[in-house]
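For reference, the chains in residue letters:
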Amino acid sequence: MSVNKVILVGHVGHDPEVRYIESNTPVCNLRVATSEVYKNKNGDRVSNTEWHTVVLWRGLAEVAEKYVRKGSQIYIEGKIRTRAWDDKEGNKRYSTEIVADVLQLLGKREDTQSAQAPASATTANPIESEPIPEPGHEADDLPF
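All residue numbers here refer to positions counted from 1 along the written sequence of the relevant chain. Predicted model: local features are reported for residues with pLDDT of at least 70 only, side-chain atom pairs are reported and counted for 80 or more only, and whole-chain, interface and lining totals are derived from all residues. No hydrogens and no water enter the side-chain calculation; it runs on all heavy atoms of the structure.

Visitor: Hey, could you go over unusual backbone geometry for me, with residue numbers and the actual values?
Guide: Although it is not a glycine, N24 adopts a positive phi angle of roughly 60 degrees. Where helices and strands are cited, they refer to DSSP runs of H or I of at least four residues and of E of at least two residues respectively, numbered from the N terminus. Mapped onto the fold, N24 is located in the loop between β2 (17–21) and β3 (25–39). Notably, R58 is not glycine yet its phi reads approximately 50 degrees, a positive angle. By secondary structure assignment, the location of R58 is in helix α1 (residues 58–67). Here the term buried applies to any residue with accessible area under 20% of the maximum for its type, exposed to any over 50%, and partly exposed to those in between, with areas from a 1.4 Å probe on protein chains only. The exposure class assigned to R58 is exposed, which follows from its relative accessible area of 52%.

Here it is, written out as structure tokens:
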């Protein structure tokens, strides 16, 4: 068995680039930056940013086109894929990218949406709505 799974949380480097291929199928390319900050052995703060090419297909591409903008913080789940092709001079070229299966928008909402309450804020938590039994009133039909 093998697993090819990638999870990224990062910021989008440019507005989504959406194009339509055969049979009007949307495909979107994004560049996503992930950063890590650490202290080196001298105690100096070091920041390292890695750029990832992310590909979204069909419905995810349409969502990205509509809602994702440069600077948006997003969560991506997907798999690594490496493509190979020959360039105009006949040289073998390679590109490694993340093919996304999940896209979730993170961070602040746009000002036009911030006045709306999130759906989860209006939904009661079912665990909180159930009464908790008082100690000593356990059911008598316990199997042990």
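Still more to cover.
Visitor: Any details on the pattern of salt bridges? Residues and values, ideally.
Guide: For this document, the term salt bridge refers to a Lys or Arg side-chain nitrogen within 4 Å of an Asp or Glu carboxyl oxygen. With the rule as written, the count across this model stands at five salt bridges. The closest approach of N and O atoms between K5 and E77, which form a salt bridge, is 2.7 Å. Remark: E77 occurs in strand β5 (residues 73–86) and K5 occurs in the segment before β1 (6–12); sequence separation between them is 72 residues. A relative accessible area of 18% means that E77 is categorised as buried. Put simply, D86 and K92 hold a salt bridge, and the shortest N to O gap is 3.9 Å. Residue classification places K92 among the partly exposed positions, given a relative accessible area of 48%. One network of salt bridges, with partners in common, ties together R81, R83 and E97.

Visitor: Could you give an account of the side chain of E77, with specific residues and numbers?
Guide: In this structure the side chain of E77 is engaged in a polar contact, spanning 2.7 Å, whose partner is the side chain of K5. At 2.4 Å, the side chain of E77 forms a polar contact with the side chain of Y75. For this analysis, residues touch if any pair of their heavy atoms sits within 4.5 Å. With residues near it in sequence (within four places) discarded, E77 still touches K5, V6, I7, V99, A100, D101 and V102. A 3.5 Å cut-off defines polar contacts: any pair of N or O atoms within that distance qualifies, except that in protein one atom must be a possible hydrogen donor and the other a possible acceptor, and neighbouring residues in sequence count only when both atoms are side-chain atoms.

Visitor: How would you sum up a nonpolar patch on the surface? Please name residues and give values.
Guide: Residues V63, Y67 and L105 make up a contiguous nonpolar surface patch of about 250 Å² in total accessible area. The topology assignment puts Y67 in helix α1. Like-charged residues within 9 Å of one another, or nonpolar side chains (Val, Leu, Ile, Met, Phe, Trp, Tyr) within 5 Å, are grouped into patches, provided each residue has over 30% relative accessible area and no salt bridge. Only the protein chains shown count as cover for residues, with accessible areas throughout obtained via the Shrake-Rupley method and a probe of 1.4 Å.

Visitor: Run through the nonpolar core, naming residues and quoting values.
Guide: Nonpolar core, defined: a set of buried Ala, Val, Leu, Ile, Met, Phe, Trp, Tyr and Cys residues in which side-chain atoms within 4.5 Å join the residues together. With 16 residues, the main nonpolar core has L30, V54, L56, V68, I74, I76 and L103 as its most contacted residues. Secondary-structure elements contributing two or more residues to this core are β1, β3, β4 (45–57), α1, β5 and β6 (92–106). Apart from residues lying up to four places away in sequence, I74 is in contact with L8, V9, G10, V12, L30, V32, V68, L103, Q104, L105 and L106.

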